[in-house]
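# Chain and residue survey
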Amino acid sequence: KMDFRQGIPAGCRTMVVIPALLSNEDEVESLLRQVELHFIGNTDPHLAFALLTDFVDAPQEHMEQDDALLDQAKAGIKDLNRKYGNDAARPFYLFHRRRLWNPGEAQWMGWERKRGKLSEFNRLLRGDETTSFIVTQGNLDVLPAIRYVITLDADTTLPRESARRLVATLAHPLNRAQFDPDSGRVTAGYTVLQPRTEIGPSSANRSPFSRIFSGDIGLDLYTRAVSDVYQDLFGEGSYVGKGIYDIEAFERSLEGRVPENALLSHDLFEGVHGRAGLVTDVILYEDYPPGYLTYEHRLHRWVRG
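A brief structural summary. Within every chain, residues take consecutive numbers counted from 1 along the sequence as written. Thresholds applied to this predicted model are a pLDDT of at least 70 for local features of residues and 80 or more for the giving and counting of side-chain atom pairs; totals over whole chains, interfaces and linings are not thresholded and use all residues. Note that water and hydrogens are dropped before the side-chain values are worked out from all heavy atoms of the structure.

Quick look at the nonpolar core now. Side-chain atoms within 4.5 Å are what join buried Ala, Val, Leu, Ile, Met, Phe, Trp, Tyr and Cys residues into a set we call a nonpolar core. Relative accessibility thresholds used throughout: buried, under 20% of the residue-type maximum; exposed, over 50%; partly exposed, between the two (1.4 Å probe, protein chains only). Leu 22, Leu 51 and Ile 244 are the most contacted members of the largest nonpolar core, which totals 40 residues. Where this core is concerned, the elements lending two or more residues are strand E1 (14-22), helix H1 (25-41), strand E2 (47-55), helix H2 (66-84), strand E3 (92-97), strand E7 (148-151), helix H4 (162-170) and strand E12 (276-286). Contact partners of Ile 244, with chain neighbours within four places excluded, come to Tyr 148, Val 149, Ile 150, Leu 166, Val 167, Leu 170, Thr 191, Val 192 and Leu 193. Core analysis: the next-biggest nonpolar cluster, separate from the first, contains 23 residues, Tyr 93, Phe 95, Leu 125 and Ile 146 among them. Each helix corresponds to a stretch of at least 4 residues labelled H or I by DSSP, and each strand to a stretch of at least 2 residues labelled E; elements are numbered beginning at the N terminus. Two residues form a contact once any of their heavy atoms are found within 4.5 Å.

Here it is, written out as structure tokens:
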């Protein structure tokens, strides 16, 4: 790792993003609260925080509640910038996409779901004006300078200073991706880093179901500070969709490798092609499903993926 204890340098400017769906008013409030908490624990002049949002799948392009939910999200981001920003920096952003018709799903939906959000966002950062984003709220002048993206789920907790530590790891010269000029494969270094993920203690104690099935939780350094067999033996970890990636290297590793409307579960695919590194000393916390039906819904989504 590099030593970024004094702050992230301008050449490593990073944006923390939460890809999510605007489904109802409570969900929008939860997303705004989550992105605010990420900022409070990881304040740095070269860190920005954004919501990447779609509307939920629908039988038509525009639904009755769409405008109200989008206005709520826009107002929330504006309030956060008013609360924490200044003339020099406004750290919060909103990027929202319109629905497109998907003949395979027979629905109007965000193109390629979460993977599409991140792919189009990477293109937007590099000046592409052909994306399906219809709302780009925030100080857009800094977008071309963004080098890394930290992507998190809506229920992921980013502990204090974790963002800086992830940036410091990916910025180290030995961790930068190196490509084979003929095949285009990543032969050394990494395009994406995966932190360790654990269940948050409050989530694990939310219900009898979560207490029984969430397993060991907490901050037991004697049993949790362990290595990973994949990283130790093969020099690669498994990417599960929450981590930091180098925009240029990540997109280069996937160029021409993803057929449209054919890939539902994208995390492992991206980790294999992009060569993911496991960062076991940086921990993210996630919620555990509070009940059996929620658990089965998640399992169905995984199996389908």
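Next up on the list: the environment of Leu 100. With respect to the secondary-structure elements, Leu 100 resides in strand E4 (residues 100-102). Using a relative accessible area of 28% as the deciding quantity, one classes Leu 100 as partly exposed. C-alpha separation for the pair Leu 100 and Pro 9, spaced 91 residues apart in sequence, amounts to 38 Å. Contacts of Leu 100, omitting those with residues within four sequence positions, involve Gln 107, Trp 108, Met 109, Trp 111 and Ser 132.

As for its position among the elements, Leu 69 is in helix H2. Owing to a relative accessible area of 5%, Leu 69 belongs among the buried residues under this scheme. In the structure, Leu 69 is positioned 43 residues away from Asp 26 in sequence and 9.9 Å away in space, judged by C-alpha atoms. Contact partners of Leu 69, with chain neighbours within four places excluded, come to Leu 22, Ser 23, Asn 24, Glu 25 and Val 28.

For Phe, Tyr and Trp, where Trp contributes only its six-membered ring, two rings pair if their centres lie within 6.5 Å, and the inter-plane angle classes them as stacked under 30 degrees, edge-to-face over 60, or tilted in between. Scanning the model with the defined rule gives 15 aromatic pairs in all. Ring geometry for Tyr 84 against Phe 92: centres 6.0 Å apart, planes inclined by 50°, an arrangement best described as tilted. Connected via pairs of aromatic rings, a cluster forms that spans Phe 209, Phe 213, Tyr 288, Tyr 292 and Tyr 295. In this structure, Arg 252 is placed above the aromatic ring of Phe 179, and the distance from its NZ or CZ to the ring centre is 4.0 Å. Two conditions define a charge sitting above a ring: the NZ of Lys or the CZ of Arg must be within 6 Å of the ring centre, and it must be within 35 degrees of the ring normal. Arg 298 extends its terminal NZ or CZ atom over the ring of Tyr 288, reaching a point 5.6 Å from the ring centre.

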